[in-house]
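Residues per chain, in single letters:
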Amino acid sequence: MENFKASLIKFLKRENLSKNEEELLVLEIKKIVFWASRDPDISEGAKDIYSVEDLQEEILSETFCKLIEKRNIILSAIDKGANVKAYLKGLIIHSTVDKLRKKNLKTVELNQNLETEMKTEKDKLLLIEAEEFAKISLNNLSKAEREALCLELLGKGSSKSKAAFEKAKSRARKRLKNFVLEYKFSSVVVEIALRVFMSELCKKFVNIYR
Amino acid sequence: MRWIEFVYKQYLKSLKEADNNIKINQKEIKLPEYVLENADNDDYIKLEVGNIYQIDDLYYVIADKDAYPYEVFICSPFWELATEEDLIAEGKERTWVVESIVRYVNKRYFDRSIFIDKISKDDILLMRDYIHKGKALPSDKVGFKTESKNAFQRLFKESEQRRSLFMMPFFMGNKIEDQITLKPLKIKDLPMAADSFEPFASVEHIEIVENEKYITLLFDDEFAGCIAKVYLKDNLIYEGVLPKRLNIAVKLHPEQVKEILKVEFI
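1. What about the overall build of chain B?
Scanning chain B for helices and strands turns up five helices and 14 strands. Taking all 266 residues of chain B together, the buried fraction comes to 35%. Across chain B, the fraction of contacts at a sequence separation of at least 24, relative to all contacts at a separation of at least 6, is 68%.

2. So, the overall build of chain A
Counting its regular elements, chain A contains ten helices and zero strands. The order of α-helices and β-strands along chain A, N terminus first, is α-α-α-α-α-α-α-α-α-α. Put simply, chain A has 210 residues, and 37% of those count as buried. Sequence separation of at least 24 residues holds for 63% of the intrachain contacts in chain A that already meet a minimum separation of 6.

3. Some remarks on the sheet that holds strand β2 (residues 58–64) of chain B
Residues and elements named next belong to chain B. Spatially, β4-β5-β3-β2-β1-β6 is the arrangement adopted by the six strands of the open sheet, whose pairing is antiparallel. Edge positions in the sheet fall to β4 (87–90) and β6 (114–118), since each of these pairs with one other strand and no more. On average, each strand axis in the sheet is tilted by 45° relative to the strand beside it, whichever way the strands run. Relative to β2, strand β1 (residues 51–55) runs antiparallel, the two sharing four bridges. Across the sheet, residue Ile 52 finds its bridge partner in β2, namely Val 61. Each of β2, β3 (70–76), β4 and β5 (95–105) is contacted by helix α3 (residues 121–133), which is oriented at about 55° to β5, the strand it contacts most.

4. Comments concerning the packing of helix α1 (residues 2–12) of chain A against helix α2 (residues 19–37) of chain A
Residue and element names in this part refer to chain A. Look at α1 against α2: their axes get within 9 Å of each other, and the N-to-C directions meet at 105°. When the interaxial angle is binned, α1 and α2 end up roughly perpendicular. Mapping the contact onto sequence places Asn 3, Phe 4, Ser 7, Leu 8, Lys 10 and Phe 11 in α1 and Glu 21, Leu 24, Leu 25 and Glu 28 in α2.

5. A closer look at the domain arrangement of chain A
Residue and element names in this part refer to chain A. We note that the domain assignment places domain 1 (2–110) and domain 2 (116–209) within chain A. Facing four residues of domain 1, the contacting portion of domain 2 comprises six residues. Residue classes in the side of domain 1 that touches domain 2 are distributed as two nonpolar, one polar and one charged.

6. Regarding the interface of chain A and chain B
Counting from both sides, the interface comprises 51 residues of chain A and, opposite them, 48 residues of chain B. Elements with a minimum of two residues in the side of chain A that touches chain B: α2, α3 (40–46), α4 (52–69), α5 (71–79), α6 (84–111), α7 (121–140), α9 (162–182) and α10 (187–209) of chain A. Here the residues of the side of chain A that touches chain B are counted per class, giving 23 nonpolar, eleven polar and 17 charged.

7. Digging into the sheet that holds strand β10 (residues 215–219) of chain B
All names here are of chain B. With respect to topology, five strands assemble into an open sheet ordered β7-β13-β10-β9-β8, the strand pairing being mixed. Edge positions in the sheet fall to β7 (179–181) and β8 (200–203), since each of these pairs with one other strand and no more. Along the sheet, successive strands turn relative to each other by an average axial angle of 20°, direction set aside. Alignment of strand β9 (residues 206–210) against β10, held across five bridges, turns out to be antiparallel. Paired with Glu 210 across the strands is Ile 215, a residue of β10.

8. Examining unusual backbone geometry
In this model, Tyr 68 of chain B is joined to Pro 69 of chain B through a cis peptide bond whose omega is 0°. The phi dihedral of Lys 184 of chain A is positive, around 60°, even though this residue is not glycine. Of note, Lys 184 of chain A is situated in the loop between α9 and α10. In this structure, Asp 56 of chain B takes a positive phi of about 50° despite not being glycine. Following the sequence through the fold, Asp 56 of chain B ends up in the loop between β1 and β2.

9. What to know about the pairing of β10 of chain B
Both faces of the sheet carry side chains from a regular strand, because those side chains alternate between them. Residue and element names in this part refer to chain B. Side chains of β10 alternate between two faces, with Ile 215, Leu 217 and Phe 219 buried and Thr 216 and Leu 218 left unburied. In this antiparallel pair of consecutive strands, β9 and β10, the connection spans four residues. Pairing analysis gives four bridges linking β10 to strand β13 (residues 245–248), with the strands arranged antiparallel. Within the sheet, the bridge partner assigned to Leu 218 lies in β13 and is Arg 245.

10. Comments concerning the packing of helix α8 (residues 143–153) of chain A against α9 of chain A
Residue and element names in this part refer to chain A. Interaxial distance between α8 and α9 falls to 8 Å at its minimum, and their mutual angle equals 95°. By the angle class used here, α8 and α9 are roughly perpendicular. Across the interface between the two elements, Ala 144, Glu 145, Ala 148, Leu 149 and Glu 152 from α8 touch Phe 165, Ala 168, Lys 169, Arg 171, Ala 172 and Arg 175 from α9. A class-by-class count of the residues in the contact of α8 with α9 yields six nonpolar, no polar and five charged.

11. Here we look at helix α1 (residues 3–14) of chain B
Under the 1.5 Å per step criterion, the end-to-end length of α1 of chain B is 16 Å for twelve residues, consistent within 8% with the ideal 16 Å. All of the buried residues in α1 of chain B are Trp 3, Ile 4, Phe 6, Val 7, Tyr 8, Gln 10, Tyr 11 and Ser 14 of chain B.

12. Describing the nonpolar core
Residue and element names in this part refer to chain B. Tyr 60, Val 61, Phe 73 and Cys 75 are the most contacted members of the largest nonpolar core, which has 97 residues in total. With sequence-adjacent residues up to four places away left out, Tyr 60 is seen in contact with Tyr 53, Val 72, Phe 73, Ile 74, Cys 75, Arg 103 and Val 105. In this structure, Ala 201, Val 230, Leu 242 and Leu 252 belong to the second largest nonpolar core, which totals 15 residues.

13. Observations concerning α1 of chain A
Residue and element names in this part refer to chain A. Listed in full, the buried residues belonging to α1 are Ser 7, Leu 8 and Phe 11. Down the axis of α1, the smallest arc covering the buried residues is 100°, so these residues share one side. In the segment just after α1, Arg 14 is the residue with positive phi, at about 60°.

Calculation notes
Residue numbers run consecutively from 1 along every chain, following the written order of its sequence. Key to labels: chains lettered from A, ligands numbered from 1, both in the order written. Local features in this predicted model are restricted to residues of pLDDT 70 or higher, and side-chain atom pairs are both shown and tallied only at a pLDDT of 80 or more, whereas totals for entire chains, interfaces and linings draw on every residue. Only DSSP runs of H or I with at least four residues qualify as helices, and only runs of E with at least two residues qualify as strands; both kinds are numbered from the N terminus onward. Around each residue's C-beta, the other C-beta atoms within 10 Å are counted; 20 or more make the residue buried, 12 or fewer make it exposed, and counts in between make it partly exposed. All C-beta atoms are placed from the backbone. By definition, residues are in contact whenever their C-beta atoms, placed on the basis of the backbone, come within 7 Å of each other. Following DSSP output, two strands are said to pair if at least two bridges run between them. Axis definition: a line fit to C-alpha positions, over the contact stretch in the case of helices; interaxial angles, taken between N-to-C directions, run 0 to 180 degrees. The cut-offs work like this: below 35 degrees is roughly parallel, past 145 is roughly antiparallel, 65 to 115 is roughly perpendicular, and the gaps in between are oblique. Marked domain ranges trace back to an automatic or database domain assignment. Here the term charged refers only to Asp, Glu, Lys and Arg, the term nonpolar to Ala, Val, Leu, Ile, Met, Phe, Trp, Tyr, Cys and Pro, and the term polar to all other amino acids, Gly among them. How far a helix is expected to stretch is found by multiplying one less than its residue total by 1.5 Å. Only buried Ala, Val, Leu, Ile, Met, Phe, Trp, Tyr and Cys residues enter a nonpolar core, and they are joined through C-beta atoms within 7 Å. Directions are taken from the helix axis to each C-beta atom, and the arc is the one they span.

Encoded structure:
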């Protein structure tokens, strides 16, 4: 750790590093990058945009850029005893999440033509969550429950008896409530899911069903 | 996986020590061949309301610089985990959740902090008004309301509250035992004890000392009293409040223990 810190300080001060110091510095930073990105959740989240190797390469380059850009801050902090490893770990993890965040939040924005209504990062998160809730709900409801819920959302009646239709609706609502608790969704997410995504999905479902 | 669950998992990962045993292809190890001349300005030197700092794995934003210790709010770049009582604020570099957790930073902690980013004083004012005057936060700038006790947002907030307790001015800390001796443990895959090692080794905040019966881990003031898990090569050997001295009945030398010791804060 002390050797690493000494190499980092030399690097930040733009002093020449020996081969060993250079190797140690790059190796230690690479280890954190690899640790942060060698994670099945990261590979899954990055698929379609990055190979894990490309992601690692990009994060590594960005980390060095950031270190140079922030060298005065970091040198001053090291001097006062700051935990530089924790700083590097935070920098690397948040760069990694930022890359995947851009992809995930943007996807929803492109899928839904709601930019005028919902613009902020929080809105995008709300749409992601709502879409997720709609999918979980429709995939887990029984055919009768799904039909009852969809017909209700679309404001249409059922060909079944009134009692059977009401029963199915009530069951569907109860199960939705359970999904909220089981999957820890927020009520505002459910509201948007019902308003935007479920009626969209239901339209498709009802068309196929017919 | 849901995005919010992914973010929560990454948050948990960010609290762990980075695994140092990862193997890297030796051929690839060299500094990138570019030189950037731009460097940060000296803004970070001035203590200002809205400045965000990092101390270890925790982030905080200055709320009041005139009072001492400085009043701060705990914050995090994992803004998706904001609850309805937390503010989502744009920083110069990234989006933050300013949590409704008030803490106090003295010089000792402040000196050990690294300047990270800056958010507007207006956002700080919103949170101060919410905390001190009970004024509502703007609904478009807060996180989602959650009903489930186990919602990711709530678990995150509880963890943040717990982790930042040391910043309370009258925090008495967890009761710190002077010494705890662990019963002899069966630990898998330990390296063989060798003869040519020094009876002493150290890593940051921990001294490892060999004595007749035990290997003793001596935790410094920073670590003693923290709630943590202690591992020897992936074997959990202790979980709880770290004492000042932790005796482990294991036949290893301090240098070997140093290689396989891992402390993970809870």
